[in-house]
2 protein chains.
Amino acid sequence: MNRYEDPLALVDVTLFTIQDGRLSLLLATRKNAQEPYCGALALPGGTIHTDEDEDAQDAARRVVRTKLGIDPPYLEQLYTFSGRTRDPRRWSLSVAYYSLVPEQVLEETPIEGLEFVPADAIPGLPFDHNAIAAMAIARLRSKSTYSSLLTFLLPPEFTIPELHAVYEQVTGSTTNIAAFRKKVLDEGMIEPTGQRRKGGQHRAPDLYRRRGTGLQELKRTI
Amino acid sequence: MNRYEDPLALVDVTLFTIQDGRLSLLLATRKNAQEPYCGALALPGGTIHTDEDEDAQDAARRVVRTKLGIDPPYLEQLYTFSGRTRDPRRWSLSVAYYSLVPEQVLEETPIEGLEFVPADAIPGLPFDHNAIAAMAIARLRSKSTYSSLLTFLLPPEFTIPELHAVYEQVTGSTTNIAAFRKKVLDEGMIEPTGQRRKGGQHRAPDLYRRRGTGLQELKRTI
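Source: prediction; values computed, not measured.

Interface size is often expressed as the accessible area that is lost when the parts come together. Contacts between the two partners involve 30 residues from chain B, matched on the other side by 30 residues from chain A. Ranked by residue count, the leading element in the side of chain B that touches chain A is strand S5 (residues 74-83) of chain B, at five residues. By residue class, the composition of the side of chain B that touches chain A is eleven nonpolar, eleven polar and eight charged.

Following this line, the structure appears as structure tokens:
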């Protein structure tokens, strides 16, 4: 037996999407039964259910499934936030995850109790959720420059201008689209589908898809 | 009240050093009181003491202090390993950290109950400690190419050939020393102390130190 109490073990998920062209987070209204801070907007999360969750990632997947009705297309562990004072209940530990969901997926799923909040205008959140969200945004930005991560914010088939727009929105940078096109194609993160986007007024642009099913990271060498 | 049991909350630390010119880990013999796997070599670690640890990082710091008698010069969270089956006791969660300690520091500290093991010849370890160590090695390698991380394996003042030797040892790559020197100086991760290493047979090489007190990461842009 320990002489001290076990920590409260939680997961919290920063859910990214694009809404009206802006990088946004999906926040959940804490329900009446969810003390403390019930009624407040917060990152979706909750305690790890050791009776049903196989591991913490499985707990985070359950949280997303409960909120969105879908398995998250991309879910990655961010960092574990812990300490004596971050939760008024007791010493607690939250394994934080972040997830990317295309806007189009959210249009097809009920998202009751969820609110879109632009990533650059997050309100005050309970616990240390502002710190968690800030780290998730920093991780997303950093990883955007050397991986295929941002393709998870797009539908399975997308055009290079669409990927470029998401890249500029997430990183807050302005990049020449010709240089961007050359880079993403040279790196082999995406590949042409052989099809073109139909229905536009201009010349139909080529469609691309993520190469492989998972995230591809670029090798960085000295 | 939860209807399920709280997870066992642990920290484990991968302790890196250089021993006989090789990247090595410091493993601890689990004591008699440490069930399960008592007597086995494992990553140093243990349960979070919610009565004395302020957060998980503080628990990891306590583990290093208990084993080495010193505060770890560099300690960073690696990943949280969790699940129903990784520990025979019950559903558990280990916040894993890695730490870098210069060989010279270990020469001045008693390290009873600790063993040096080369990073490329780690024996079978209990729990999922082999997976934790493998991820720590991968993180160290990856971060070596774009940060001042490896300087934490060296004494406060070092020569560029010493840093280059550690770089080649950790990354397993061969790099031209002139190109390496140019890169680390251009990046501004280290700075000359204005002193030279005394006592050698050859021309005394310039001494350098890490710039700033903490880790410096390079910006990577598209």
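Here the focus is the pairing of strand S8 (residues 190-196) of chain B. All names here are of chain B. Buried residues are scarce in S8, accounting for zero of its seven residues. Both S8 and strand S9 (residues 206-210) contribute to a ladder of four bridges, which runs antiparallel. Pairing of Pro192 across the sheet is with Tyr208, part of S9.

The next thing to look at is the relation of the copies chain B and chain A. Mapping chain B onto chain A calls for a screw motion: a turn of 180° about the axis and a shift of 0.0 Å along it, with 0.0 Å RMSD after fitting. Each copy turns onto its partner about a two-fold axis. The fraction of interface residues of chain B whose copies in chain A are also interface residues reaches 100%, indicating that both copies meet through the same surface.

Residues and elements named next belong to chain A. Under the domain assignment used here, chain A contains domain 1 (8-143) and domain 2 (146-210). Centre-to-centre, using C-alpha coordinates, domain 1 lies 27 Å away from domain 2. Contact with domain 1, which involves 14 residues of that partner, is made by eleven residues of domain 2. Counting only elements with at least two residues in the side of domain 1 that touches domain 2, the list comes to strand S1 (8-19), strand S2 (22-29) and helix H3 (129-144). Of the residues that constitute the side of domain 1 that touches domain 2, the class distribution is eight nonpolar, three polar and three charged.

Turning to unusual backbone geometry, a few remarks are in order. With a phi close to 55°, Asp20 of chain A is a non-glycine residue in the positive phi region. With respect to the helices, strands and loops of the structure, Asp20 of chain A is situated in the loop between S1 and S2. Classification of Asp20 of chain A as exposed rests on a count of 8 C-beta atoms within 10 Å. A positive phi is found at Phe127 of chain B, a non-glycine position, where the angle reads about 55°.

Conventions used here
Residues numbered from 1 in each chain as written. Chains lettered and ligands numbered in written order. Predicted model: local features only at pLDDT ≥ 70, side-chain atom pairs only at ≥ 80, totals over all residues. Contact = placed C-beta atoms within 7 Å. Helix = DSSP H or I, 4+ residues; strand = E, 2+ residues; numbered from the N terminus. Nonpolar A, V, L, I, M, F, W, Y, C, P; charged D, E, K, R; others polar. Buried ≥ 20, exposed ≤ 12 C-beta atoms within 10 Å, placed from the backbone. Pairing = 2+ DSSP bridges. Least-squares fit on C-alpha atoms with pLDDT ≥ 70 in both. Domains from an automatic or database assignment.

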